[in-house]
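# Inside the fold
Each chain, written out:
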Amino acid sequence: MSLSVTYTRAQLGVSAPLVTVETHLSNGLPAFHIVGLPEAAVRESRDRVRSAIINSHFEFPQRRITVNLAPADLPKEGGRYDLAIALGILAASGQVPGKVLEKYEFIAELALTGALRSVPGALPAAIACDNSRRALVLAQASGQEAALLETPIKVADSLLRVCAELHDREPMACAEKKPQLQPTHYPDLADVRGQLKARRALEVAAGGGHNLLFYGPPGTGKTMLASRLPGVLPPLSGHEFVEVATIYSSAGLPQPEQRPFRAPHHSASPTALVGGGSTPRPGEISLAHRGVLFLDELPEFPRQALEILREPLENGEVRIARARAQVTFPACFQLVAAMNPCPCGYLGESRCRCTPDQIDRYRSRLSGPLLDRIDMQVEVASMDASQLQDASVGETSLRVRERVARAQARQLKRQRKINAQLKSNELEHHCRLGKLEGQMLRRSVSQLGLSARSYHRVLKVARTLADLAEQDTIGAEQLNEALAYRNLDRKQLVHS
């Protein structure tokens, strides 16, 4: 047999399209060609495959070898095709049975010794392979990553072990499923002294999945509060855990064991935040999927990077278009940000020398449309020495998490999604107001100069406050508290 067909998977974002490896041996001067839009690392597989076959005690055919990676218009990169190419050559030269290859898909990089090495994207490949009725073969190091699914995954440590299964001599092992543990070693909310208003805002934000902005002088605990948010969120469900693990697998990062908490530095580029590159990779907002993205010193981030966040905040995904590929990454994250009230940070104190123009320029780094998308804007005030020395301990993250879980359970039962994900056409049904409450909200929105989007955000926060209070309807008390959480997008900002 001089022609063989093997199957493997490419990596395109968080998807894994099928790649058919067609190998043909023909007479002529010995040569080895790979076609089908291979990049440098794929072209270099010729040397890895040749050495791996020889060192695994097989014969490398001294013929003209042509390997086609189909479809030809799909970019191919990395060493993930090595194993499929090597087995295609062995099958075309009659050293392994060709018909058996139809039952498998192979994804692994080859060492010169014939050992198998792991590659990024094992979990997306396992998900895509689930419906193909073929068994997925991976390097042993990738086994646990892909074993999150119920589909059996076969693993091997060398090319020789894979060929032993194809010859029906020694079966490959199945990947062992790693227990899905989510240890709760987040920082505890009980460590925070005072700041009752900010703690309450953190609980409300967690209860409905709302975006949150803390602003106040340096050293008041804004970063400390933000780092406690993942600890008061309910654990990831099984489906959410697989979603998060798929993104980290495609990025070649270790799987997180709990809700992600990403805190990029303010010097991060737009590409680092959103993702991209010649071959698109997930950015920080996708790595924070189903978790928390914390942006400290928010006005210090590049304006372009912040404006790019607007669409993901609204849609829960980011679309990256490049000349060679268009990729959509999930980006359903909860934004928590922190900023100072002025350039020096001490607005209203005697040591502040910032002029109104300087304060306006500093705050104008955050556009109105971006502030519109932040549901809650909460001041974190300075504390005196007596508050810092107060020995009383606040509520623990565990107790707050229990209330948050109950509130989210009410939301999922009522509308099958948390409040922050409600669309504008769903608010009329799930956030219905009484006559007096409706009049009060209309009057407040007019006086404060809030936009239509801000109006919807107030309704969502009020609905969460009612859920935390275990009330079926939104009352005036919840509306007043929700309006109190919108300070930075009002008509007039006071510089004192």
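Everything quoted here is computed from the prediction, not taken from an experiment.

## A closer look at the environment of alanine 272
For alanine 272, the position within the fold is in helix 11 (residues 270-274). Classification of alanine 272 as partly exposed rests on a relative accessible area of 37%. Setting aside residues up to four positions removed in sequence, alanine 272 forms contacts with Gly283 and Glu284.

## Some words on the packing of helix 21 (residues 452-468) against helix 22 (residues 476-484)
Interhelical geometry of helix 21 versus helix 22 gives an angle of 130° and a closest axis separation of 8 Å. Here helix 22 runs oblique to helix 21, going by the angle between their axes. Once helix 21 is placed against helix 22, the crossing between them reads as right-handed. On helix 22, the residues touching Val458, Val461, Ala462, Leu465 and Ala466 of helix 21 are Gln478, Leu479, Glu481, Ala482 and Leu483. A per-class count over the contact of helix 21 with helix 22 returns 8 nonpolar, 1 polar and 1 charged.

## Some words on the packing of aromatic side chains
Within the structure shown, the criterion is met by 3 aromatic pairs. When the centroid spacing of 6.2 Å and the interplanar angle of 20° are considered together, the rings of phenylalanine 261 and phenylalanine 294 count as stacked. Placement of phenylalanine 261 in strand 12 (residues 261-262) and of phenylalanine 294 in strand 15 (residues 292-295) is noted, with a sequence separation of 33 residues between them. Given the relative accessible area of 4%, phenylalanine 294 is considered buried. In this structure, arginine 134 is placed above the aromatic ring of tyrosine 7, and the distance from its NZ or CZ to the ring centre is 4.2 Å. The lysine or arginine in question, arginine 351, covers the ring of tyrosine 346, its NZ or CZ lying 3.6 Å from the ring centre.

## Description of the sheet that holds strand 8 (residues 135-139)
With mixed pairing, the 4 strands of this open sheet are ordered in space as 5-8-9-10. With partners counted over all chains shown, the strands left at the sheet margins are strand 5 (104-107) and strand 10 (173-174), one partner each. By the bridge criterion, 4 bridges tie strand 5 to strand 8 in an arrangement that is parallel. Bridged to isoleucine 107 within strand 8 is leucine 138. Relative to strand 8, helix 4 (residues 122-129) is tilted by about 170°, and along the sheet it contacts strand 5, strand 8 and strand 9 (153-156).

## Quick word on the sheet that holds strand 1 (residues 3-9)
Each strand in a sheet pairs with its neighbour through backbone hydrogen bonds, running either in the same direction (parallel) or in the opposite one (antiparallel). Spatial ordering of the open sheet is given by 1-2-4-3, a layout of 4 strands whose pairing is mixed. At either end of the open sheet lies a strand with only one pairing partner, and these are strand 1 and strand 3 (31-35). Each strand axis lies, on average, 15° off the axis of its neighbour in the sheet, ignoring direction. Pairing between strand 1 and strand 2 (residues 18-26): 7 bridges, direction antiparallel. Looking across to strand 2, one finds that leucine 3 is bridged to histidine 24. Each of strand 1, strand 2, strand 3 and strand 4 (64-70) touches helix 3 (residues 82-92); the most contacted strand, strand 1, lies at about 165° to it.

## A few points about the nonpolar core
Core analysis: the largest hydrophobic core is formed by 45 residues, its most contacted members being Leu212, Phe214, Leu229 and Met376. Considering each element in turn, this core owes the most residues, 7 residues, to helix 21. Aside from chain neighbours lying at most four places away, what touches methionine 376 is Ala201, Val204, Ala205, His210, Asn211, Leu212, Leu213, Val461, Tyr485 and Arg486. Counting residues in hydrophobic clusters, the runner-up holds 41 residues, among them Ile34, Tyr81, Ala86 and Ile89.

Conventions used here
Residues numbered from 1 in each chain as written. Predicted model: local features only at pLDDT ≥ 70, side-chain atom pairs only at ≥ 80, totals over all residues. Heavy atoms only, no water. Helix = DSSP H or I, 4+ residues; strand = E, 2+ residues; numbered from the N terminus. Buried < 20%, exposed > 50% of the residue type's maximum accessible area, 1.4 Å probe, protein only. Contact = heavy atoms within 4.5 Å. Axes fitted to C-alpha atoms, helices over the stretch in contact; angles between N-to-C directions. Parallel < 35°, antiparallel > 145°, perpendicular 65-115°, else oblique. Left-handed = near helix turned anticlockwise from the far one by under 90°. Nonpolar A, V, L, I, M, F, W, Y, C, P; charged D, E, K, R; others polar. Phe/Tyr/Trp six-rings, centres within 6.5 Å; stacked < 30°, edge-to-face > 60°. Lys NZ or Arg CZ within 6 Å of the ring centre and 35° of its normal. Pairing = 2+ DSSP bridges. Core = buried A, V, L, I, M, F, W, Y, C linked by side-chain atoms within 4.5 Å.

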